[in-house]
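Structural description and commentary
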Amino acid sequence: MTTAGWIIMIVSVGSVVGMLVFCFYRVLSAPSSTEQTHAPLDNDTHDRET
Amino acid sequence: MPKVKEQWGTRLGVILAVAGSAVGLGNFLRFPGQAAQNGGGAFMIPYFIALILVAIPICWAEWAMGRFGGSKGCNSAPAIFGVLGGKSRYRYIGVLGIMIPIMIYMYYVLIEAWCLGYAWAYLTGSIDLGGDPGQYAQRSTDFFNAFTGATADGGVFESGASSLLLLAAITFTLNFVLIYRGVSKGIEAFCIRAMPIMAICAVVVLVRVLTLGTPNPDLPDQNVVNGLGFMWNPQGADGAPWYTVLLDSKVWLAATGQIFFSMSVGFGIIINYSSYLKRDDDVVLSGLTAASTNEFFEVCLGGMITIPAAFIFLGAAGVVGGTFGLGFNALPVVFEYMPAGRLFGFVWFFMLFLAAITSSLSMLQPAIAFLEEGLDIGRRASVTLLGLITFMGAAFILYFSKGLTALDTVDFWVGTMLIFVLATIEVILFSWVFGVERGYKEAMRGADLKIPKVWKFVIKYISPTYLLVIFVLWCIDPENLRKHWGTLTQNPVAKYSMILIIGVTVFIGLLVHIASRRWDKHGFGESEPPDMEASS
């Protein structure tokens, strides 16, 4: 593997992992990220035939 | 009109659902193949440029369009486009937003069944390539052809010929059971479990590949480092300097096509999924998170596993074939050579099955949403009607399996060409008809991350121009339009496939017409006047 190959691989993988970690950190640190954001009654299946 | 609105349960749920829709076989099989054939590491330069200039800007636009439509009570592409365009005639563009995912589902559910079948074959040990390494490649191809019926039309319907019929029935039913449960209890609940399992499976295979060392001492060059080098070293064609590939339009075309198809933009899926958000829910950070999740699976996992593994055991000559050739012919040979290959073969194909099912689920929801709000029928009736339509289409593709002609025809004309068309129309509708200033404000409402203002210029001028140029270059490439047009005029199965595509399009067009008249009558999805800035 050439030096240029190592550089491209590390930069590509590093950039994507960096973006992923940044995004998930922001999403999961926001107050409403994992908690239920909508009332259970909102989660209707639309099935009005029952 | 429905009085209750379906919504996502959690923010993480919608992100993983959108990412699950985007992550599919293309991430693990198509991307590494494209990169290796188009300059290796040099391919990543046009790839990341296309990500920044086309994929992410359109992704944000689709999220914003969908949430805007959802805030007006619309969940289907026809209704959303009608509200965005300010006139009911824009609803007819939405025919593509329903038809594209339905048609893709018809063959994708079969590929999903292939993955399940291969996973089962590895689990039970029923895939046998014999004891002669010289015959592995041929026996792997024979297994694939027999399993998929690629040697003769109707092959899979012959008694005892293949288990594909049963597997297709299982995957088809599983999709509809999950979709029947609804957005939150079905799609979200499944994706929130399936995505982490996929990641774990992929990491397990990645660790196995990266710890292979030099498995055959007689072939010291076929080792892990050289395998990674085959994928990542920047290389010019025929010994030319690596930067010459950047002057080749084919490389740009391949890179843009790959990122575009990988991100699932232009499918009509993101606008449907984001329509289930609340009016002030964030779309910017959520959209970027879903996109980066897709990139993680593609670059960090797909780019590090498939080609290096194939190179280590098969050498440069073995790393050939398209998505199916690499995935279903070459990789089984790799697992045959690999220590504990049966276990890793099962893990790999089970992961591909999960990747496929999270994508196929997303292809059904846009049509379900349309049938519910367009024809005012309940979920049970919508699921039944859609099940009937997709069953007929899938049975057609399953029957005409010789040379996979029916599958290839639908994949090319719908799964490749029409998504370019829909994405271009969406960008123009969003930035020129809806208005880019209004679009920016809409995207930024409730945003947890600021979109740079240059996005307005990019989405209005750069993205549509880029798309149109790539589309024209792609059309004039002899490998694309001319080749497939030739097949269409010469092969009867390709003709029948085109009749199927046209038939489904006309049928959905009629339904959209009926729905549009109903909506006008009831004042549903009331159109808003387009932004004045757009007409100036």
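The shown structure was predicted, so the numbers you read here are calculated from the model rather than taken from an experiment.

Rules used throughout
- Residues numbered from 1 in each chain as written.
- Chains lettered and ligands numbered in written order.
- Predicted model: local features only at pLDDT ≥ 70, side-chain atom pairs only at ≥ 80, totals over all residues.
- Heavy atoms only, no water.
- Helix = DSSP H or I, 4+ residues; strand = E, 2+ residues; numbered from the N terminus.
- Rg over C-alpha atoms; globule rule 2.2 N^0.38 Å.
- Buried < 20%, exposed > 50% of the residue type's maximum accessible area, 1.4 Å probe, protein only.
- Contact = heavy atoms within 4.5 Å.
- Areas by Shrake-Rupley, 256 points an atom, 1.4 Å probe, with all protein chains shown as cover.
- Polar contact = N/O pair within 3.5 Å; in protein donor to acceptor, adjacent residues only side chain to side chain.
- Phe/Tyr/Trp six-rings, centres within 6.5 Å; stacked < 30°, edge-to-face > 60°.
- Lys NZ or Arg CZ within 6 Å of the ring centre and 35° of its normal.
- Lys, Arg positive; Asp, Glu negative; His and termini not counted.
- Salt bridge = Lys/Arg side-chain N within 4 Å of Asp/Glu carboxyl O.
- Core = buried A, V, L, I, M, F, W, Y, C linked by side-chain atoms within 4.5 Å.

Observations concerning the overall build of chain B
When you go through chain B residue by residue, the secondary structure sums to 20 helices and zero strands. Against the 2.2 N^0.38 benchmark of 24 Å for 536 residues, chain B shows a C-alpha radius of gyration of 23 Å, consistent with a compact globule. If one aligns the C-alpha atoms of chain B with their principal axes, the spans along those axes are about 75 × 55 × 45 Å. Buried positions account for 64% of the 536 residues belonging to chain B. Taking contacts inside chain B between residues at least 6 apart in sequence as the whole, the part at least 24 apart equals 83%. Of the roughly 18,600 Å² of accessible surface on chain B, 65% is carried by carbon and sulfur atoms.

Points about the overall build of chain A
Across its full length, chain A carries one helix and zero strands. Going through the 50 residues of chain A one by one, you find that 32% of them count as buried. Of the roughly 3,000 Å² of accessible surface on chain A, 67% is carried by carbon and sulfur atoms.

Considerations on the side chain of B:Asn75
All names here are of chain B. Checked against the element boundaries, Asn75 lands in the loop between α3 (44–71) and α4 (77–85). Among the residues examined, Asn75 registers a relative accessible area of 6% and is labelled buried. A distance of 2.9 Å separates polar atoms of two side chains, one belonging to Asn75 and the other to Ser275.

What to know about the packing of aromatic side chains
Residues and elements named next belong to chain B. Applying the stated rule across the entire model yields 53 aromatic pairs over all chains. Both rings, one in Phe396 and one in Phe400, keep their centres 4.9 Å apart while their planes meet at 55 degrees; by these two values the pair is tilted. Per residue, the accessibility class of Phe396 equals that of Phe400, and both read buried. Site record: aromatic cluster; members linked through ring pairs are Trp114, Tyr118, Tyr122, Phe143, Phe144, Phe147, Phe324, Phe328, Phe335 and Phe349. Geometry around Tyr440 places Lys456 over its ring, the cationic atom sitting 4.9 Å from the centre. One Lys or Arg, Lys460, reaches over the ring of Trp432 and ends 4.6 Å from the middle of that ring.

Let's talk about the side chain of B:Glu62
All names here are of chain B. Mapping Glu62 onto the fold places it in helix α3. For the buried residue Glu62, which engages in no salt bridge, the nearest side chain bearing the opposite charge is Arg67, 14 Å off. Once residues lying within four places of it in the same chain are set aside, the contact partners of Glu62 are Ser264, Val265, Gly266, Ile270, Ile271, Ser274 and Glu426.

Section: the nonpolar core
If you look at the biggest cluster of nonpolar residues, it comprises 220 residues, and the most contacted ones within it are B:Phe28, B:Trp114, B:Trp232, B:Phe260 and B:Trp348. For this core, the element with the highest residue contribution is helix α5 (residues 94–124) of chain B, accounting for 23 residues. In this view, B:Trp232 contacts A:Met1, A:Gly5, A:Ile8, A:Met9, A:Ser12, A:Val13, B:Gly40, B:Gly41, B:Met44, B:Val299, B:Gly303 and B:Met304; residues no more than four positions away in its chain are not counted.

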